[in-house]
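Residues per chain, in single letters:
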Amino acid sequence: MTPDLRIQQAVVTTDGRKVQVAAQTGGFDTPEAERIAVLFGPRPDGVACPGAVFACPFGASHVAVVQVKDRPGGALGFRFLVLARDLYRHLGDPFAIADRYPPDWGAVGTLADLAWPHEVLPERTLEQLDAVLKGGDGPLLLGSTQALVDGNRVLLTRDAPAPFVRDLWQLLPDRTRCDLWPATFAFSDELGFHAAVGPTLPTPRHGVQVLVEEAIRDYPQSSYELNLQLAIESGDRSTLRRLLARRTADDTIRLGLYVLGFALLVAVVLRVAF
């Protein structure tokens, strides 16, 4: 079944006291966008936001990919791209989505819906991932990758946006990154990002371990991180492709339940037949 390819959009600004929607498509959920803009957090003194991207749930059945940028007078601008969850899972890369649709910060009034073309995103290549590890902090990126695969959250404290989260997203399995929420920069942790850079540390949430930089660097090496590094360094394209396509733990549990259910159904049918 082809997912809904429509993408709604809006431009929202906030000066810390009020939130204003400058432009939007028809039927856009304005209150939800206003809520997300507020939860992004108040600007700390002296901290700029020259450009950031984050993704988060938008209601029960949609996802917002949001571009954030400083606006005149100390305001923050938020450009929302809102797409169906099925389409987001099909794509899995909020940064590729944001890059395809550059914002018009001067937009006002009614906007037209966008639409994702009938195409998949290009497959990540060994050369791209090799450049990510060589051009960034390899140990920090690999440790963060394994921590996210294991179900943790990671956060770096920085006073400005950094390429860390965008690079990290290139190293994650396809299915894993569809279920996690990244932010290249944020002023608070109220939106519950799984990987983020920000000027302050988050308040740990019950049942979810938040790892900061020192803990990430000391994180125990495990199979995904090790095999990913070996595949990239050795040029093993088939292993890399298999690693990026690996199931998540939830996928494995779900598959096991399907198999169990099918086995029980077969047992019932055989008992009735004989």
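Structure: see above.
Nothing here was measured: the structure is a model prediction, and the numbers come from that model.

Before going further, it helps to spend a moment on the side chain of Thr 25. Its place among the elements puts Thr 25 in strand β2 (residues 19-25). Among the polar contacts made by the side chain of Thr 25, one reaches the side chain of Asp 113 at a distance of 3.5 Å. Setting aside its immediate chain neighbours within four residues, Thr 25 contacts Gln 8, Gln 9, Leu 111, Ala 112 and Asp 113.

On to the packing of aromatic side chains. The geometry of two aromatic rings is summed up by the distance between their centres and the angle between their planes. Under the defined criterion, the tally for this structure stands at 10 aromatic pairs. Aromatic pair Phe 40 and Phe 78: ring centres 5.4 Å apart, planes at 85°, arrangement edge-to-face. Placement of Phe 40 in the loop between α1 (30-39) and β3 (52-58) and of Phe 78 in strand β5 (residues 76-84) is noted, with a sequence separation of 38 residues between them. Of the two residues examined, Phe 40 and Phe 78, each falls in the buried class. For the pair Phe 185 and Phe 187, a centre-to-centre distance of 5.7 Å together with 80° between the ring planes defines the contact as edge-to-face.

Considering the arrangement of structural elements, one finds Tyr 88 in helix α2 (residues 85-91). With a relative accessible area of 1%, Tyr 88 lands in the buried category. The spacing of Tyr 88 and Asp 4 is 84 residues in sequence and 9.9 Å in space, taken between C-alpha atoms. Apart from the residues within four sequence positions on either side, Tyr 88 is in contact with Ala 55, Val 63, Val 65, Leu 83, Pro 94, Ile 97, Arg 177, Cys 178, Leu 180 and Trp 181.

As a further point, take the pattern of salt bridges. If charged atoms from side chains of opposite charge come close, those side chains can pair. Counting across every chain of the model gives 17 salt bridges. For Asp 4, the salt bridge goes to Arg 6, with nearest N and O atoms at 2.8 Å. Under the relative-accessibility criterion, Arg 6 is labelled exposed at 55%. Two residues, Asp 179 and Arg 175, come together in a salt bridge whose shortest N-O distance is 3.8 Å. When salt bridges with common partners are traced through the structure, they connect Asp 137, Arg 158, Glu 213 and Arg 217 into a single cluster.

Here is what the cut-offs are and how they apply
Residues numbered from 1 in each chain as written. Predicted model: local features only at pLDDT ≥ 70, side-chain atom pairs only at ≥ 80, totals over all residues. Heavy atoms only, no water. Helix = DSSP H or I, 4+ residues; strand = E, 2+ residues; numbered from the N terminus. Polar contact = N/O pair within 3.5 Å; in protein donor to acceptor, adjacent residues only side chain to side chain. Contact = heavy atoms within 4.5 Å. Phe/Tyr/Trp six-rings, centres within 6.5 Å; stacked < 30°, edge-to-face > 60°. Buried < 20%, exposed > 50% of the residue type's maximum accessible area, 1.4 Å probe, protein only. Salt bridge = Lys/Arg side-chain N within 4 Å of Asp/Glu carboxyl O.

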